[in-house]
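Structure at a glance
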Amino acid sequence: MKTALVTGISGQDGSYLTELLLAKGYEVHGIIRRSSSFGTQRIDHLYSDPVAEPGRLTLHYGDLTDGCRLANLLSSIVPDEVYHLAAQSHVRVSFDEPVFTGDTTGLGTVRLLETIRMVDLPCRFYQASSSEMFGGTPPPQNEESPFRPQSPYAAAKTYAYWVTRNYREGYGMYAVNGILFNHESPRRGETFVTRKITRAAARIRAGEQKALYLGNLDAVRDWGYAPEYVEAMWLMMQQDEPEDYVVATGTSCTVRDFLGYAFGAVGLDWRDHVRFDERYLRPVEVNALIGDSRKAAEKLGWTARTHGEELARIMIEADVRELELHRGAGISPPLPRSGAHADSQIVRH
Ligand code: NAP
Ligand code: GDD
């Protein structure tokens, strides 16, 4: 049985990857941050699942800023594979918290890699790199495209990308970068634009919300389905040679198109409900990301199966179901943390 350590296990990707690893028979260890409230909703079902035997999934407190703790955990768990997914992952927030983003999203990676090197752990290492690193480079973007990061988040990810390559080339470590384009799901954080849209459309349809406030509707993204993307992560870690891969659908749509898919799926016209709010604009925008993942198709046998419109349908159906469950149980529906105007409190500038 292999042992995996997953940072960012409580996040969207961490939850799907953990499901995949448990299904493959791994013993999984995950790092979570201590918080005054529980933040493990995305993985709670893995505890209550009778198929998951006790001891197969263990959570440990830790933080990317605490190098001693990371070193202790790596030395005691001695994982075969480390999937490093934790990060301050919101691009807009990185403009408000650039130093924290650099410390976690950038330096967090080298803290892990340096520990692995110092302790001489014979483990494989996955770095959650991002299409945001391409930033201002026009599409299509592949493994050879230059990086032109347009945010503190993208700059931190670019640092982490290069340091991962550096440890591979300098110390012979099996360390890979998965350069993943945007991938979404019903578990997507509520302040990322796709989930903000599907949640709001469900709420507006149910009369729980009046309007949805958004920024740039012209941005082009290559949106895929998260459960498929974690399969690519795992495949990258099973190869004979460590290499970096772009993971994308190769198709694209604008935020405006996605609005049409999501609101259309519940019989609404988004133009009646969406308002512009300049607070959701970014100091520098990434206009268009469209990935060319032919290398992943050829070497890993991986291709995306779900694209924009189908993705929007999956997400809105889940949000409608969640809302109906709450209403059916007589519980107030979840507050619009990212609906209406609420996440302006998070991104005020
Ligand atoms: P996510 O939902 O935002 O999850 C981020 C995870 O990192 C959460 O578990 C979070 O814990 C944890 N975390 C944040 N700061 C931490 C810290 N200081 N110490 C320890 N843990 C910390 O992100 P995701 O969408 O799953 O993405 C996973 C990774 O892939 C991220 O590195 C992201 O930047 C990268 N990526 C994502 C995409 C995408 O489209 N989703 C594309 C390319 C790359 P809490 O639950 O406590 O906040
Ligand atoms: N979040 C948000 N909120 N984005 C908005 C809004 C809004 O109200 N209005 C318009 N947008 C636009 C953003 O300006 C951006 O161009 C696009 O919608 C997508 O924004 P996000 O969903 O926040 O994702 P992202 O592309 O900036 O970053 C995500 O994908 C990266 C991979 O390319 C994150 O998951 C990153 O962690 C990831 O690396």
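About the thresholds
Residues numbered from 1 in each chain as written. Chains lettered and ligands numbered in written order. Predicted model: local features only at pLDDT ≥ 70, side-chain atom pairs only at ≥ 80, totals over all residues. Heavy atoms only, no water. Near = heavy atom within 4 Å. Polar contact = N/O pair within 3.5 Å; in protein donor to acceptor, adjacent residues only side chain to side chain. Helix = DSSP H or I, 4+ residues; strand = E, 2+ residues; numbered from the N terminus. Nonpolar A, V, L, I, M, F, W, Y, C, P; charged D, E, K, R; others polar. Areas by Shrake-Rupley, 256 points an atom, 1.4 Å probe, with all protein chains shown as cover. Axes fitted to C-alpha atoms, helices over the stretch in contact; angles between N-to-C directions. Left-handed = near helix turned anticlockwise from the far one by under 90°. Contact = heavy atoms within 4.5 Å. Buried < 20%, exposed > 50% of the residue type's maximum accessible area, 1.4 Å probe, protein only. Phe/Tyr/Trp six-rings, centres within 6.5 Å; stacked < 30°, edge-to-face > 60°. Lys NZ or Arg CZ within 6 Å of the ring centre and 35° of its normal.

1. A look at the site of ligand 1
Surrounding ligand 1, one finds 23 residues, the nearest of these being Ser10, Arg33, Leu85, Ser89 and Tyr153. Note that an oxygen atom of ligand 1 is positioned 3.1 Å from one of the backbone N or O atoms of glutamine 12. Between ligand 1 and leucine 64 there is a distance of 2.9 Å, counted from a nitrogen atom to a backbone nitrogen or oxygen. Taken together, the elements giving at least two residues each to the shell around ligand 1 come down to helix H1 (12–23), strand E5 (124–130) and helix H6 (152–171). The dominant element in the shell around ligand 1, judged by the number of residues it contributes, is E5, at three residues. Of the residues contributing to the shell around ligand 1, the split by class is eight nonpolar, ten polar and five charged.

2. Describing the site of ligand 2
Every one of the 24 residues lining ligand 2 counts as a neighbour, but Ser130, Ser131, Tyr153, Arg282 and Glu285 are closest to it. Within the side chain of serine 131, an N or O atom sits 2.6 Å from an oxygen atom of ligand 2. Measuring from a nitrogen atom of ligand 2, one finds a backbone N or O atom of threonine 191 at 2.9 Å. Here ligand 2, which alone exposes 720 Å², has 96% of that area covered by the protein. Every element with two or more residues in the shell around ligand 2 is listed here: helix H7 (193–205) and strand E8 (212–214). For the shell around ligand 2, the per-class residue count stands at ten nonpolar, eight polar and six charged.

3. Digging into the packing of H1 against helix H8 (residues 226–236)
Remark: H1 packs on H8, axes separated minimally by 9 Å, with the N-to-C direction vectors making an angle of 65°. The crossing of H1 and H8 is right-handed. Contacts between H1 and H8 involve Gln12, Asp13, Tyr16, Leu17, Leu20 and Leu21 on the former and, on the latter, Ala226, Pro227, Val230, Glu231, Met233 and Trp234. Of the residues contributing to the contact of H1 with H8, the split by class is nine nonpolar, one polar and two charged.

4. Points about the side chain of serine 185
For serine 185, the position within the fold is in the loop between strand E7 (183–184) and H7. Look at serine 185 and you get buried, because its relative accessible area is 0%. Within the structure, the side chain of serine 185 is placed 3.0 Å from the side chain of glutamine 12, a separation counted as a polar contact.

5. Details of the packing of aromatic side chains
Tallying each qualifying case throughout the model produces nine aromatic pairs. Aromatic side chains tyrosine 161 and tryptophan 162 sit 5.0 Å apart centroid to centroid with 90° between the ring planes, which places their arrangement in the edge-to-face category. Connected via pairs of aromatic rings, a cluster forms that spans Phe134, Phe147, Tyr161, Trp162 and Phe181. In this structure, lysine 196 packs its charged tip against the face of tyrosine 280, placed 3.5 Å from the ring centre. Between lysine 295 and the ring centre of tyrosine 245, over which it is positioned, the NZ or CZ distance is 4.6 Å.

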